[in-house]
Amino acid sequence: MGMVMIECPETGRAIPTGIKTDRDSFLRSPVFFARTRCAICNADHTWFATEAWVHEPVAAAQLRDRAVWPVHRRSSQ
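The sections below set out a description of the structure shown in this document. (Residues numbered from 1 in each chain as written. Predicted model: local features only at pLDDT ≥ 70, side-chain atom pairs only at ≥ 80, totals over all residues. Heavy atoms only, no water.)

One open sheet accounts for three strands, arranged β2-β1-β5; its pairing is antiparallel. Both edges of this open sheet fall to β2 (14-21) and β5 (53-55), since each of them pairs with a single strand only. In this sheet, adjacent strand axes meet at a mean angle of 45° when their direction is disregarded. In this sheet, β5 lies alongside strand β1 (residues 2-7) in antiparallel orientation, the contact comprising three bridges. For Met3, the partnering residue across the bridge sits in β5 and is His55. (Pairing = 2+ DSSP bridges. Helix = DSSP H or I, 4+ residues; strand = E, 2+ residues; numbered from the N terminus. Axes fitted to C-alpha atoms, helices over the stretch in contact; angles between N-to-C directions.)

Have a look at this one:
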């Protein structure tokens, strides 16, 4: 599970929308229009689902770990 994120048009920073879902479910959902209150600039931002993405911290950590640790390690003999 992750958080649907959008970009604040005032600051360019990623902000959470309050919608929790997984990436596959979000990609299968119909395109929708929503409004989110931004804690950074204190304004309401309207957005379409096509402008948003799902941030899944566990998935991001797994990708990072794969990039850092080689798939095959030499065994010490």
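On to the pairing of β2. Examined bridge by bridge, β1 and β2 share five bridges and lie antiparallel to one another. For Glu7, the partnering residue across the bridge sits in β2 and is Ala14. Here β1 folds back onto β2 in antiparallel fashion, the turn holding six residues, of which Gly12 has a positive phi close to 80°.

Two side chains bearing opposite charge may form a pair once their charged atoms approach each other closely. Considering all chains together, one arrives at two salt bridges under this definition. In this structure, Arg23 engages Glu56 in a salt bridge whose closest nitrogen and oxygen atoms are separated by 3.0 Å. With Arg23 in helix α1 (residues 23-28) and Glu56 in the loop between β5 and α2 (57-68), the pair connects residues that are 33 residues apart, well separated along the chain. Between Arg37 and Asp44 there is a salt bridge; the shortest N-O distance is 3.4 Å. (Salt bridge = Lys/Arg side-chain N within 4 Å of Asp/Glu carboxyl O.)

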